[in-house]
Structure formats: structure tokens, C-alpha cells
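The lines below spell out each chain.
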Amino acid sequence: MNTLSPKSAHPIFKLIEQCKNISTLKQVHAQMITTGLILHTYPLSRILISSSTIASTISYALSTFNQVTNPTIFLFNTLISSSLARKKDDQTHFALALYTRILTQTTRIPNSYTYPSLFKACSSQPWLQHGRALHTHVLKFLEPPYDHFVQASLLNFYSKCGELGVSRFLFDQITKPDLASWNSILAAYAHNTSVEYEASPDNAYDSTNLSLEALLLFSQMQKSLTRPNEVSVVALISSCADVGALSQGLWAHSYVLSNGLKLNRFIGTALIAMYAYCGRLDFARQVFDRMLERDTYCYNAMIRGLAVHGLGLEALDLFKKMDLEGLVPDDVTMLVIMCACSNVGLVDQGCKFFESMKEDYGIEPKLEHYGTLVDLFGRAGRVKEAEEIVQTIPMKPNAVLWRSLLGAARVHGNLEVGESALKQLIQLEPETSGNYVLLSNMYASLNRWDDVKNVRKLMKDEGIDKAPGNSIVDIDGVMHEFLIGDKTHPQAKLIYLKLDEMHRRLQEHGHKSGTREVLFDIEEEEKEDALSYHSERLAIAYALIASDSGTPIRIIKNLRVCNDCHTATKLISRIYDREVIVRDRSRFHHFRNGTCSCLDYW
């Protein structure tokens with residue numbers, strides 16, 4: 001088949017680009033046949049791309065392709081990539097079938113343009129084995145060093161299938177990573193650390209480590225003199241959001257402004273989420289208000305930010321504004337608006353949103369929506385109704401639903417429901433320590449110490465360790481991490497002196513430690529000591545030493561704030577006249593002048 005340069009100014013190319021339906025495309029196709037242009041590779045490839053894009057099925061493009069006696073690898077690659085752009089359920093099957101045709105014809109050899117689209121098509125867990133097989137074909141058919149787009153597609157494939165370790169190994173084999181490779185590995189870490197409502201207590205610590213590694217990678221990228229683009233910056237901003245690295249997030253924002261990067265909806269949405277999850281909801285709102293193009297994703301990020309800060313009524317107002325602008329809510333919108341209702345106890349309103357999903361918007365509820373519904377009733381103390389939802393939903397409940405029910409049972413002292421939920425959780429997640437700890441806390445709060453010991457023994461027998469509580473505080477752009485009872489910090493001596501001072505002043509202001517949830521049957525004084533050394537207390541003590549008296553103290557905690565620390569932090573904010581902002585694994589707490597923004601509803 002003859003070739004015709006894509007730069008050739010033939011009017012037929014413009015006609016192809018202007019086709020809006022299959023009927024006009026067929027007319028242009030017929031003209032190409034009569035003029036002989038169909039014998040040239042490039043015009044034919046444009047027909048394949050256009051027909052794949054505008055037709056309801058791939059059949060027309062395939063019939064055109066099948067009329068070519070000896071199709072080149074270029075045409076195969078074109079049809080594979082254009083068919084995958086349709087985003088239909090059968091796209092991966094079709095693309096792999098075309099690839100099989102390439103392999104069965106001995107005159108055709110896959111090249112570097114064959115694999116990126118195929119790896120993208122296989123980048124979900126059900127297609128993991130097919131993608132691995134394609135990886136072996138890369139080793140067989142392509143000569144190293146491999147094309148950077150092939151390397152980047154491999155990194156993306158493994159990371160999206162949950163194989164982050166493999167992605168990192170492949171990245172480390174690249175001698176001089178280009179921008180595409182850097183973006184792929186950064187996106188891999190950002191993808192695996194994105195903030196989710198259904199995160200397990202046990203994976204929160206890992207998520208923090210991954211985000212910190214992403215920040216380190218970005219620093220290495222800069223040292224390599226590779227200039228970041230919008231994709232790099234979005235990955236950086238997402239990682240800053242996960243660990244609450246406000247200083248680095250501010251730097252990323254200033255980099256966008258000073259380097260002429262467009263504040264598009266992708267960067268804008270990432271900035272909104274970052275500022276919201278770093279405790280600067282005012283900055284998030286400024287970015288949102290200044291965006292020229294706001295889509296559903298932008299609104300979702302802003303509504304979610306309001307939700308995690310406990311501003312349910314403001315979230316409802318923004319949802320109404322979104323509707324007035326003619327934007328259609330998606331399943332994420334409904335999830336975050338229900339979470340907003342849950343965080344402030346708007347049970348009836350949350351139920352209405354759930355019912356409206358299918359009735360008004362044609363959205364089929366997913367497990368996450370049922371999980372939020374369980375949380376909605378559970379937080380409000382309607383534990384039996386929450387249990388009924390779990391037992392009657394039209395799909396098999398996952399660990400998130402049972403854990404939400406267990407948490408509600410613990411808060412409201414419903415031991416029967418708590419024990420039932422734990423049995424289900426042990427079957428689904430036998431190695432997740434947080435499930436056992438929730439029930440153990442419930443037993444401890446009821447002074448059932450023999451049951452506490454039994455749970456601890458079961459954990460020991462199964463080799464399950466409790467996920468360590470950790471808190472990170474940002475002091476002048478430097479992240480300081482503390483574990484419970486931590487004495488590894490260079491200023492540990494000063495920190496513990498400050499802790500003693502805090503404990504004394506708390507007692508002077510009438511604070512009595514809430515020791516009910518300490519997991520061990522020990523004397524009350526020892527329980528108070530155990531609570532005093534919780535990771536957030538250490539972080540607050542260090543911040544009081546190391547930061548200016550007028551600046552808010554910002555802490556990221558990987559577990560739920562315990563009742564005693566919550567009560568103590570309210571008092572600390574008044575005693576030391578400091579605002580303390582704590583993000584635990586589910587929401588924000590803004591402590592000011594002896595009160596908390598959650599109004600003790602969390």
C-alpha cells in the first residue's frame with residue numbers, strides 16, 4: 001500500500017475531520033475509493049479513526065479494515081488505539097483480538113506503537129494476567145532500550161492493577177527517565193494514596209508513607225532537571241493533600257502561577273482537594289470561586305471539602321448551586337453530599353439524597369452509598385436501623401459496611417450488634433487489626449476486661465499487630481511524625497517536659513481523663529499516663545515549643561481521635577490560646593477557645 005504524508009494538504013483530510021455522522025463519512029469514503037486515495041495508508045487510517053469515533057459500533061471500521069489485502073502494522077495499531085477510544089465494555093476484547101491477528105501473521109511484528117494502547121486497556125484487575133502476558137511480548141519483540149511511551153504505559157498498567165512495587169522496580173531500571181516516565185511513577189503513587197472515605201485504619205499509615213515517597217520522587221525529578229508539567233503538578237498536589245503538607249502544596253500552587261501553567265479543571269480540582277485536606281478551606285474556596293471552568297469534579301471536590309470539615313449546610317447550598325448551573329451530579333456527588341449530611345446528623349436529608357439517586361438522576365447506588373447510609377444512621381444512634389440496611393442491601397456487604405456498623409455499635413454501646421459485625425469482619429478481613437481494636441475498645445468501655453484479654457489473645461494467636469497510631473505536624477514546611485510514646489525525636493526531652501506541663505494545666509482546669517477506652521486493665525493513674533502519650537499529644541507539645549504562638553497547629557492523624565484526646569485538645573486550645581486543627585481518618589476537628597467544630601458529633 002502506498003503512503004501519503006499526514007502533512008499533505010489534501011482537502012480530503014479536512015472533509016474527514018468535519019464528518020459528524022457515519023452517513024457523511026461513508027460519502028467521503030466513497031469519494032476516496034473513486035479517486036484512488038483509499039490506496040494510501042494515511043487517509044485510510046483517518047477513515048478508521050473517524051468511523052471508530054462517531055459510529056455506534058466498531059463494525060464499519062472493521063469492515064473497512066478487512067478489505068485491505070495486506071494491512072500494515074501502522075493500520076493495525078491505528079485500529080487498536082481508535083477502538084479503545086470508544087470506552088465500550090467490549091473494547092479490550094476487540095483490541096486483544098486484533099493483536100492476536102498481528103501475531104498469527106508472520107509478516108507482521110508488533111512495534112513500540114502497538115503496546116501503549118493495549119496496556120492502557122488492560123489496566124484494571126480483571127485484565128492483570130493479559131497485561132503480564134503483553135509484558136513478556138515486549139521483552140520478546142522489542143529491543144532495549146524501550147520507547148519511553150512503552151515504559152510509561154507499563155508503569156501505569158502495573159500501578160492501576162495495584163502492583164505499585166512492580167511499577168517502582170521498572171522505573172528504577174530506567175537510566176534517564178523522561179517526563180512521561182516521571183509522570184507515570186508520580187501518578188502511580190498519587191493513585192494509590194488518593195483520599196477515600198472507605199480507607200481502612202490499617203492502610204492509613206501505609207498511605208502516608210507512599211505520599212511522602214511521592215514528595216521525595218518529585219524532589220528527585222527536579223534535581224534531574226526534568227521540567228514538571230500539569231500532570232506532574234497534579235500528582236504532587238494530590239500527595240500533599242494526603243499527608244497535609246500545606247507548605248509543599250503552597251509551593252506547588254505558586255509553581256503553577258509562576259510557570260504559566262493553566263489553572264485548568266484538573267489542577268484546580270487537585271488544589272481544592274489539597275487545601276481542603278490541609279485544613280485551609282478558605283483557600284480551597286478561593287480557588288473554586290476563581291476557576292473559569294467548573295465541572296462536576298470541581299464541585300465534588302469542594303462539597304467533599306465542606307463535608308470533612310463538618311460544614312453540612314454549606315455543602316447543601318453548594319449542591320443547590322451546582323444544580324442551578326445545570327451540572328448533573330454523578331455517583332461521587334451523591335456520595336459526598338450524603339457524607340456531608342452524616343457528619344452533621346442530617347439523617348432525613350441524607351435519606352432523601354439516597355432516594356433521589358435512582359429516582360431523579362438514574363444513578364444506581366453502589367456499596368459506598370449503602371456504606372454512607374449505614375454511617376448516617378449509625379452516627380445518629382439508630383444502630384438497629386443501620387444493621388437492617390446492611391442485612392437487606394441488594395449486594396453482598398463488604399468490610400467497609402460491617403466496619404461502619406461496628407464503629408456505630410462501639411460509640412453507642414450496642415454490644416450485640418458489635419459482636420455480630422466483628423464476626424463478619426473476621427471472615428472478610430482476618431488480618432485487619434482495627435476491627436479487633438474497635439470491639440476491644442467497646443469491651444473496655446464496659447469494664448469487661450476478661451473479654452478485652454480474650455480479644456487481645458485472639459489477635460496474638462493470629463499474629464495480628466495493632467496498627468500504630470501516628471500523627472504528623474507541619475512546622476515551617478518540615479513534617480514531624482510521632483508515634484504513641486515516641487522518644488525518638490531530637491527534642492524528646494523538651495517535648496516530655498511540655499507534656500508534663502500540659503497534663504498539670506489540664507488538671508488545674510478540671511480535666512479528668514476518660515480512661516474507659518484504654519485497652520488494658522491497669523490502675524487509673526497508669527491509664528492517664530497512657531493517654532497522655534498518644535501521638536497527637538506529642539505533636540501538640542512539639543508544636544507549642546517549635547511554632548509561633550499565633551499560628552494554628554495542624555496535625556494529621558491516621559486513626560480516629562479518641563474521646564479523651566478530643567476533650568483534652570478542646571481545653572488545650574483555650575489554655576494556650578492556640579487553634580488546633582486535627583484531621584483524623586474520617587474528618588477534620590477545628591479546636592478553638594475550648595470548643596470543636598464537630599460539636600462532639602464524630
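On a predicted model such as this, the values are computed, not experimentally measured, just so you know.

Visitor: Help me understand the side chain of Ser181 in this model?
Guide: With respect to the helices, strands and loops of the structure, Ser181 is situated in helix α11 (residues 179–193). Ser181 has contacts with His148, Gln151, Ala152, Leu155, Phe171 and Ile174, leaving out every residue within four places of it along the chain.

Visitor: Got a minute to help me understand the packing of aromatic side chains in this structure?
Guide: The geometry of an aromatic ring pair comes down to the distance between the two centres and the angle between the two planes. Scanning all chains against the criterion turns up twelve aromatic pairs. A ring pair is formed by Tyr275 and Phe283, whose centres lie 5.3 Å apart and whose planes are at 85 degrees; its orientation type is edge-to-face. Given a relative accessible area of 2%, Tyr275 falls into the buried group. Judged by relative accessible area, Phe283 falls into the partly exposed class, the value being 23%. An aromatic cluster is defined as three or more aromatic residues linked by ring pairs; in this entry it consists of Tyr99, Tyr115, Phe119, Phe157 and Tyr158. Lying across the ring of Tyr496, Lys487 places its NZ or CZ 5.3 Å from the centre.

Visitor: Explain helix α25 (residues 433–445) to me, please; I cannot follow it from the model alone.
Guide: Think of an α-helix as 3.6 residues a turn; residues three or four steps apart then line up on the same face. Compared with an ideal rise of 1.5 Å per residue, which puts 13 residues at 18 Å, α25 spans 18 Å between its outermost C-alpha atoms and is within 8% of the ideal. Asn447 occupies a position one or two residues after α25 and carries a positive phi of about 60 degrees.

Visitor: Please explain the environment of Gly310 as it appears in this structure.
Guide: Residue position: Gly310 is located in the loop between α17 (296–308) and α18 (312–324). On the basis of relative accessibility, which here comes to 14%, the residue Gly310 falls in the buried class. In this structure the C-alpha to C-alpha distance between Gly310 and Cys341, which are 31 residues apart in sequence, comes to 8.8 Å. Filtering out sequence-adjacent residues up to four positions away, Gly310 remains in contact with Val344 and Arg587.

Visitor: Looking at this model, I keep getting lost on helix α10 (residues 164–172). Mind explaining?
Guide: Residues of α10 that are buried: Leu164, Ser167, Arg168, Leu170 and Phe171. All buried residues of α10 project into a common sector of 160 degrees when viewed along the axis, lining one side. For α10, the exposed residues set more than 90 degrees away from the buried face come down to Gly165 and Phe169.

Visitor: Where do I start with the UniProt feature "repeat: PPR" (unreviewed entry) in the protein chain in this structure?
Guide: The positions UniProt marks with the feature "repeat: PPR" (unreviewed entry) are residues 295–329. Annotated as residues 295–329, this span is 74% helix and 0% strand, and its ends, taken at the C-alpha atoms, are 10 Å apart.

Visitor: Explain the environment of Pro468 here, please?
Guide: Note on placement: Pro468 falls in the loop between α26 (449–461) and β1 (470–475). If near-sequence neighbours (up to four positions away) are discounted, Pro468 is found in contact with Leu483, Asn558 and Leu559.

Visitor: I tried to follow the packing of helix α15 (residues 265–277) against α17 on my own but got confused; where do I start?
Guide: What describes two packed helices is the angle between their axes and the distance between those same axes. Between α15 and α17, the least distance of the axes is 9 Å, while the angle of their chain directions is 0 degrees. Taken together, the axes of α15 and α17 are roughly parallel relative to one another. Contacts from Arg265, Thr269, Ile272, Ala273, Ala276 and Tyr277 of α15 reach α17 at Tyr297, Cys298, Ala301, Met302, Arg304, Gly305 and Val308. Of the residues assigned to the contact of α15 with α17, the class counts are nine nonpolar, two polar and two charged.

Visitor: I would appreciate a short explanation of the pattern of salt bridges in the present structure.
Guide: Should the charged atoms of two oppositely charged side chains come close, the side chains can pair. Under the definition given, this model contains 19 salt bridges. Here Asp282 and Arg280 are joined by a salt bridge, their closest N and O atoms 2.6 Å apart. On the basis of relative accessibility, which here comes to 38%, the residue Asp282 falls in the partly exposed class. The partner of Asp375 in a salt bridge is Arg379, with the nearest N and O atoms 2.7 Å apart. Placement of the pair is Asp375 and Arg379 together in helix α21 (residues 367–379), with a separation of four residues, close to one helical turn. Here the salt bridges share partners, and the residues they tie into one network are Arg168, Asp172 and Glu213.

Basis of the calculations
As a convention, each chain's residues are numbered from 1 in the sequence order in which they are written. Under the rules for a predicted model, residues below a pLDDT of 70 receive no local features and side-chain atom pairs below 80 are neither given nor counted, while totals for whole chains, interfaces and linings still include all residues. Just so you know, side-chain values use all the structure's heavy atoms and leave hydrogens and water out. Helix and strand labels come from DSSP, where a helix needs a run of H or I of at least four residues and a strand needs a run of E of at least two; each type is numbered from the N terminus. A contact between two residues is defined here by any heavy atoms of the two lying within 4.5 Å. The criterion for an aromatic pair is that two Phe, Tyr or Trp rings (for Trp, the six-membered ring) have centres within 6.5 Å, with stacked assigned to planes under 30 degrees apart, edge-to-face to planes over 60 apart and tilted to the rest. Each residue's exposure class comes from its accessible area (1.4 Å probe, protein chains only) as a fraction of the maximum for that residue type: buried when under 20%, exposed when over 50%, partly exposed otherwise. A ring has a charge above it when a Lys NZ or an Arg CZ is no more than 6 Å from the ring centre and no more than 35 degrees off the ring normal. One less than the residue count of a helix, multiplied by 1.5 Å, gives the span that helix is expected to have. Note: the arc covers the axis-to-C-beta directions of the helix. UniProt positions are given in the numbering used here, feature names are shortened, and annotations may be inferred rather than shown by experiment. Axes here refer to lines fitted to C-alpha atoms; in helices the fit is confined to the stretch in contact. Angles between the N-to-C directions go from 0 to 180 degrees. We call two directions roughly parallel when the angle between them is under 35 degrees, roughly antiparallel when it is over 145, roughly perpendicular when it lies between 65 and 115, and oblique otherwise. In this count, Pro and Cys sit with the nonpolar residues alongside Ala, Val, Leu, Ile, Met, Phe, Trp and Tyr, while Asp, Glu, Lys and Arg are called charged and the others, Gly among them, polar. In what follows, salt bridge is the name for a side-chain nitrogen of Lys or Arg lying within 4 Å of a carboxyl oxygen of Asp or Glu.

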